[in-house]
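Overview (structure and organization)
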Amino acid sequence: MNEVSPALVVRGLCHQFGAVSVLSDVELTITATEVHCVLGPSGSGKSTLLRLVAGLEELQVGAIEIAGQAVAGPGIASQPPEARPVGFVFQDYALFPHLNVLSNVTFGMAQSQRARRDRKSRAVELLAEVDMADFADAMPHTLSGGQQQRVALARALARRPAVMLLDEPFSGLDGRLRAEVRERTVDVLRSSGIATVIVTHDPREALLVGDRVTVLDAGRVLQTGTPEEIYRHSVSLEVAEVFGSVNSFTARVAGGRVDLPIGEIGTAGFEDGAAVQVLVRADDLRLEEDGDDGVIVGLEPHQGATTVEVELDQGVVVRALELSRAGWRIGTRVGVVATDGAAIVTASKSNQVMLDR
Amino acid sequence: MRSFSTGFVLVIAAIIAAPVAVVLASIGSDSGGLWQHLVSTVLPGYVRNTVALAAGVAALTLLFGVSTAWLVTVCRFPGRNLLRWALLLPLAIPAYLGAYAYTDLLQFAGPVQTWLREVFSWSRGDYWFPQVRSLSGAIVLLSLALYPYVYMAARAAFLEQSASSLEAARTLGLGPWGCFKRVALPLARPSIAAGVALVLMETLAEFGAVQYCAVDTFATGIVRTFTLPNQYALTAAAQLSALLLVVVVVLVVVETRLRKSARFFETSGRRRQLRAWPLKGGNAWLATAVCALPVALGFVIPTALFVHLTIKAGDARAREMFLEMGRNTFVLAGIASVLAVLLGLGLAFAVRFRDTPWVRFLIGVAGMGYAVPGAVLAIGVLIVVAWTDHRLRGLVQSVVGTPTGLLLSGTAVALLYGYQSRFLAVSLNFIRAGLTRIEPSLDGAARTLGATPMMTLFRVHVPMLRGTLLAALILVFVDVVKELPATLMLRPFGLETLSVRVYQLASDERLSEASSGALAIILVGLLPVIVLSWVVDRSVISKS
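Residues numbered from 1 in each chain as written. Chains lettered and ligands numbered in written order. Predicted model: local features only at pLDDT ≥ 70, side-chain atom pairs only at ≥ 80, totals over all residues. Heavy atoms only, no water.

**What to know about the packing of aromatic side chains**
- For the structure shown, the criterion picks out 11 aromatic pairs over all chains.
- Here a set of aromatic residues connected by ring pairs shows up, and it is made of B:Y96, B:Y100 and B:Y212.
- Across from the ring centre of A:F96, 4.8 Å away, lies the NZ or CZ of A:R155, which sits over that ring.
- Seen from the ring of A:F107, B:R459 lies directly overhead, with NZ or CZ sitting 3.9 Å from the centre. (Phe/Tyr/Trp six-rings, centres within 6.5 Å; stacked < 30°, edge-to-face > 60°. Lys NZ or Arg CZ within 6 Å of the ring centre and 35° of its normal.)

Here is the structure:
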């Protein structure tokens, strides 16, 4: 394969609204054809990041490069949004209410380059791709949320951008429709081969959709990696907790392992005496009826599973996600075992070693 | 683009605001003792009358406007659908026409008193009859002409309140009156207050009707002072104007604040239409009467009178003159309104791109002319135009070598300048309200689809604002047609428009001759009524 420049490179991006810092030192590289999810709670600055890339927000500090071309950065005249090869799907879809579906899709097509008929046939093709060909003459307000989303997608694709930017594209939809639209959208994006950045606050969505995921919190990138890396090898408790309940322990390495209340865990890569933080997801802890490590102190049933809180004899409370509906009852004594290889070992931030929970 | 926006706003705002600034700048100048003379003689009277007039008009317009708005919005009674828009009709009649009409109807020799005398066989002095040409007469006349502003504001606010908050109030045990007092009115209060602020500005600016009613207010005092045979007359008039302007500025600030919190045209989210309350029996007819009264007094009766007079006598030279005056009026109002919409669009769009305190301040300044009495503004325009002519003459002489006459003074340019100064605010506010309805994400969508800011304006905003722009155009057009004092003072020599002709005939007590011109003004004035009733309903009900 020959060398292809990344579709999008963001370097050292910082941004403030007044005195409030919304993004600090953000780095991001999106390879061509990649679908990349930026995951973060509301207010984490993820929408601002997209708007900066699109040029809808004036860059303050840092540099942005799209398809090998610098579009904003120190010493460069910042390109206006209309000059950047990006497609943007807005959270509220932002269809032009005075234009029908077809005219919305042809809006961004270069007027001079294509004959009117060409533009129309290309637009119809795009609409067919998102299953909206029958609605070419419809006005936006007559469409459902899912349909509007698909038109917005077709409209953004019509310019053949180098990067597609989707700002919470599925948050306006609910339930099964959301899953359907998401699947279809990702299919269309993948078959188009256009690098895509999807901003979302839904961790499951990010893991499901992204080739890679960037976890953003309070304007900082916490981790970037494949879903597997992010989930299995979270770099910190903060990242791990994004995807569910986590048990965290700190301990000192002795003989290539640490001794925790839930058993011994291997710590390959850490020297003896190093302080480490060990993270074990609730779904990686197994309870054993005939064990004797602690007593059940809390039950929190949810759909298809139960989170069981066990107070270990050392005084720590751990949480385990149990799929079975076995009769866990408060006050019963149980054993607690971590699934092999499931623990995430990271360097402890504080040097002080104590049992966290 | 950014510096261009600020520059554009700066230049336009400066030009538009110049006449007002010139007037204000007169405060410090020497008036040769005339100012002191005014203060010791007539000023207390002006203040008293103006305050009384403003208070009376505010109270009456509140009463008419809010009660009728509430009734037609939430109650069902005979004639409700007709009255809902008919209540706007009095807007078509400038207060001065109402004054002419009622003076004619209610004077001693008029039909009403004559009929009373015949029925009761009274003679002069046997009975008391209200005087139209009095302070209370002026209050009633102005209220009848201006209550639609309060009505519109209140109705828009009532319509916007979600049906669910009223339904919730009902499930909590409140009846219609309780809902009104404890839910609807508090929610609508900022809007209503903004409507009253508009009414007060119009009241302070009113010249024709107040003059005709022989009430000495600031507005009439300014014109009278201006025409004094005294070399300091202009200065003293300008100083009186400046005093009035201070009050106007306060009103403008209050209105702007209130409108911000009221959000007249906010349309986000889905709202259900309020289910109307059916009124029964006597109550229903009482509601009909309450809503029909201002329509009858404010529109039907004066219009009927003018129709009657036109048929009976009419303007002797009516036909040929109408053709010429109609053309003059139409051309003037046409140019002025197109200009106002273009400038308003430019300014509104500049704010959307560059919303800084500075730009907002300048826009506020540019929008002040509307609150300034036409006579005051005319004085300002005369000063500014004369100054410019002076400069131009010097410039031409230095370049060409020969002196020229006055290039702008006494031309249609000065008149059009006056109109922009006064009416730009109308189109500007309308267009800005329209722009707030367009989600900012649409701008973003257009930009990321390759449209420059200019293209975005013409491909997204203008088409979406088509209705709003048309409405603004019509509103300015009609305001120009109705405008009296500024036209009177700034028109090129010999140029006659409908309003000027009607004023001159009415001043000469030749009302039956003035009637056809008055009728023409009313007919043109009906246009914005239709537009406004459409806008109020549409802004609330239609959603994208």
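**As for the environment of A:R204**
Residue and element names in this part refer to chain A.
- Assignment of secondary structure puts R204 in helix α6 (residues 203-209).
- A residue is classified by how much of its surface remains accessible, and R204, at 70% relative accessible area, is exposed.
- Separated by 38 residues in the primary sequence, R204 and V242 place their C-alpha atoms 9.7 Å from one another. (Helix = DSSP H or I, 4+ residues; strand = E, 2+ residues; numbered from the N terminus. Buried < 20%, exposed > 50% of the residue type's maximum accessible area, 1.4 Å probe, protein only.)

**Thoughts on the side chain of B:S427**
- Along the chain, B:S427 turns up in helix α17 (residues 412-436).
- Once residues lying within four places of it in the same chain are set aside, the contact partners of B:S427 are B:A340, B:V341, B:G344, B:A472 and B:V476. (Contact = heavy atoms within 4.5 Å.)

**Observations concerning the sheet that holds strand β2 (residues 20-30) of chain A**
All names here are of chain A.
- A sheet is described by the order of its strands in space; here 4 strands give the open sequence β2-β1-β4-β5, paired in antiparallel fashion. For this open sheet the edge positions go to β2 and β5 (69-72), each flanked by a neighbour on one side alone. The sheet shows a mean angle of 25° between the axes of neighbouring strands, taken without regard to direction.
- The pairing of strand β1 (residues 8-17) with β2 spans 7 bridges and is classified as antiparallel. Counterpart to L13 in the pairing with β2 is V26.
- Along the sheet, helix α1 (residues 46-54) contacts β1, β2 and β4 (61-66); its crossing angle with β1, the most-contacted strand, is approximately 115°. (Pairing = 2+ DSSP bridges. Axes fitted to C-alpha atoms, helices over the stretch in contact; angles between N-to-C directions.)

**Describing the sheet that holds strand β8 (residues 195-200) of chain A**
Residue and element names in this part refer to chain A.
- Reading across from one edge, β6-β7-β8-β3-β9-β10 is the order of the 6 strands in this open sheet, with mixed pairing throughout. The open sheet has two free edges, formed respectively by β6 (86-89) and β10 (220-225), since each of these has just one partner strand. The sheet shows a mean angle of 15° between the axes of neighbouring strands, direction not considered.
- Both strand β7 (residues 163-167) and β8 contribute to a ladder of 5 bridges, which runs parallel. Note that in β8 the partner of M164 across the bridge is T196.
- Sheet contacts for α1: β3 (35-39), β6, β7, β8 and β9 (212-217); angle to β7, the most-contacted strand, approximately 145°.

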